[in-house]
Structures are given as C-alpha cells and as structure tokens.
Amino acid sequence: NLNNPEMEKCLTDIGNLYENLSKYDIALKNYNEVLEIQRKLFAGNENHPKIAMTLNNIGNVYEKLGNIKKAFKSYEKAYKIQKDAFLDIEYHDEIAITLSNFGSIYETNLDYTNALKFYYEALEMEKKVYNCYNHSRIATSLNDIGNVYE
C-alpha cells in the first residue's frame, strides 16, 4: 500500500541499497516512488523536509549517472524547500548536505572555485550545527575540501 508511511521508509532504504550497489536505474525508480508517496502524505505541504531529502537522493543518482543538469535541478529544488522549511533555523544539517552536493557538482565540472565555496559553506554550517569538530559530517566536508586541493 503506497499510502502507508512505512512504505516511504522501506523504499528509501531499498533505493539506498541499490544506489550503493551502483544499480542506479533501480535506485532512481525507488526514490521517485518515495517522492510520489511523500507528495501524497504531505499534500498541501510541498516544502516538507523529507521531500527535500528525497530530491537530494535523486540528485545524487543523477550525478552518478553523469546527468549533471538533472542532478543540479534536484539539488536546487531541495535547497529551496529546505530554506522555506527551516525558515526560523539559521543553520541546519540537511541544508549543509545540500550545499555539499552543490560542491560536488562544481567539482565534477572542474569549477574548483565554486566547489570550494559550497564545501566551505557546508563546513561552516556543520560546525555551528554540531558545535564540535569531531563529527563525521565535518570530517566528510574536510575530506571534500582536501580532494579539491589534491
């Protein structure tokens, strides 16, 4: 039953599994089903943060497939939703993830200046969100920045 909220979680997990197995077409199919379920579950609230995370997942798959235009478009939609959804929150970890995704797109396109801009923006946000320097997301951002300089 696609109207069951548990189905959303299951299909996301299945999509993640297929993405990790590099079976991107199947992952994309699952993520699009999740998006469809979320749009029904959150009818009237297109700015729900879960929709943004699913759009990020879809963007990640498009990026891995080499469809940078579609990936960027998914990240843009996710970012807009997050900015609206977290209007009263200056810093949020989900926004930092989307900023990192933008950085990845720019890095893929060899636009290192913009890649660094987004990676550093994500890092600064993560430092404020986690209020520490030993969180795994901070380590990931530092690694992303290091890879650009490599």
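This text follows the structure it describes.
The sections below set out a description of the structure shown in this document. (Residues numbered from 1 in each chain as written. Predicted model: local features only at pLDDT ≥ 70, side-chain atom pairs only at ≥ 80, totals over all residues. Heavy atoms only, no water.)

Observations concerning the overall build of the protein
Within the protein, the regular secondary structure consists of seven helices and zero strands. Against the compact-globule benchmark of 15 Å for 150 residues, the protein has a radius of gyration of 16 Å, which places it among compact chains. Each of the three principal axes of the protein carries a C-alpha extent, and together these read 45 × 35 × 25 Å. Among the 150 residues that make up the protein, the fraction classed as buried is 41%. Residue pairs at least 24 apart in sequence account for 53% of intrachain contacts in the protein once pairs closer than 6 positions are excluded. Counting every atom, the protein has about 8500 Å² of accessible surface; 51% of that belongs to carbon and sulfur. Averaging the coordinates of the 17 positive side-chain charges in the protein and doing the same for the 22 negative ones gives two points 5 Å apart. (Helix = DSSP H or I, 4+ residues; strand = E, 2+ residues; numbered from the N terminus. Rg over C-alpha atoms; globule rule 2.2 N^0.38 Å. Buried < 20%, exposed > 50% of the residue type's maximum accessible area, 1.4 Å probe, protein only. Contact = heavy atoms within 4.5 Å. Areas by Shrake-Rupley, 256 points an atom, 1.4 Å probe, with all protein chains shown as cover. Lys, Arg positive; Asp, Glu negative; His and termini not counted. Charge placed at Lys NZ, Arg CZ, Asp CG, Glu CD.)

Quick notes on the nonpolar core
In summary, soluble globular proteins display a tendency toward joint burial of nonpolar side chains. Counting residues in each nonpolar core, the largest one holds 34 residues, and the members touching the most others are Ile-51, Leu-55, Ile-58, Val-61 and Leu-99. Among the secondary structure elements, those contributing two or more residues to this core are α2 (24-41), α3 (49-64), α4 (68-85), α5 (93-108), α6 (112-130) and α7 (136-149). When residues of this core are assigned to their parent elements, the largest contribution, seven residues, is made by α6. The contact partners of Ile-58, leaving out residues within four places of it in the chain, are Leu-28, Tyr-31, Asn-32, Leu-35 and Ser-74. (Core = buried A, V, L, I, M, F, W, Y, C linked by side-chain atoms within 4.5 Å.)

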